[in-house]
Amino acid sequence: MMNNVVLVVADGEINTKLVSDDPLFTHALNSAKYSNASDVFISSDSLYVRKFAAGMGVNVFVPKTGTKNLDELVSQFSKECEFDSLTIVNARYPLLSPDIINDAMQKIHVSKTDLLFTVHKERWYPRWTTAGESLNFDLGNKTTLTEYNSRCYVENGMLYVTKSTEPLFEQSFDIIEINPYLCIEINHVNDIPFAETMI
């Protein structure tokens, strides 16, 4: 039987804010618990989050102080927990469902790649600086104008699944397309009311 582990990452004070009467991080955590994962862990810089999760029967993983990115987190985690696949879930996505996690865990085992991550499809739009300068759009370039009407995938950070302990983006990868309406990330308290209408 495959050892499919889920690690919910719930850093930042925003994860303690209430979303539909529950702390934000608990939405992703419950989805992980109700998925087909062999085991669920949480990583957080918040003592409140770690104690709350432990009270829910979830394993707590405490990374070293100064851990800067997912690669360092995966490296540290893999020294403490063996896995066939590791699904890293961003707790700021309250609309993440157990089905999305299950699909990702299933897909990584049939994929020829070592990494999967979630994306959503959107129209290609020009990006501008606050000073009004274009980052990726040239009005005089007809190719760019054609791209304006095309669609593109946007990595959204909802989850990553890996079979390897190597740095994530040094691996071969594939994508999991997610409905854009489910890709609501809570970065600020002003994001909460809209998310609550979708829950």
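This section reports on the structure supplied with the text. Only a predicted model underlies this, so the values are computations on that prediction, with no experimental measurement involved. (Residues numbered from 1 in each chain as written. Predicted model: local features only at pLDDT ≥ 70, side-chain atom pairs only at ≥ 80, totals over all residues. Heavy atoms only, no water.)

## A word on the nonpolar core
1) Next: Membership of the largest hydrophobic core comes to 30 residues, with the highest contact counts inside it found for Val6, Val8, Leu29, Ile42 and Leu159.
2) Next: Of all the elements in the fold, those that place two or more residues in this core are β1 (4-9), α1 (24-33), β4 (39-43), α2 (47-55), α4 (98-110) and β8 (151-162).
3) Next: Per element, the largest residue contribution to this core is five residues, and it comes from α4.
4) Next: Not counting the four nearest positions on each side in its chain, Val6 is found in contact with Ala32, Ser35, Ala37, Asp39, Val40, Phe41, Thr87, Val89, Ile101 and Met105. (Core = buried A, V, L, I, M, F, W, Y, C linked by side-chain atoms within 4.5 Å. Buried < 20%, exposed > 50% of the residue type's maximum accessible area, 1.4 Å probe, protein only. Helix = DSSP H or I, 4+ residues; strand = E, 2+ residues; numbered from the N terminus. Contact = heavy atoms within 4.5 Å.)

## Some thoughts on α1
1) Next: By the criterion of burial, α1 is predominantly enclosed, with eight of the 10 residues buried.
2) Next: For α1, the set of buried residues is Leu24, Phe25, Thr26, His27, Ala28, Leu29, Ser31 and Ala32.

## Let's talk about the packing of α1 against α2
1) Next: In contact at an axis separation of 11 Å, α1 and α2 are set at 35 degrees when each is read in the N-to-C sense. Along this stretch, α1 crosses α2, giving a crossing that reads as right-handed. When α1 is examined against α2, the residues Phe25, Thr26 and Leu29 are found in contact with a partner set consisting of Tyr48, Val49, Phe52 and Ala53.
2) Next: By residue class, the composition of the contact of α1 with α2 is six nonpolar, one polar and no charged. (Axes fitted to C-alpha atoms, helices over the stretch in contact; angles between N-to-C directions. Left-handed = near helix turned anticlockwise from the far one by under 90°. Nonpolar A, V, L, I, M, F, W, Y, C, P; charged D, E, K, R; others polar.)

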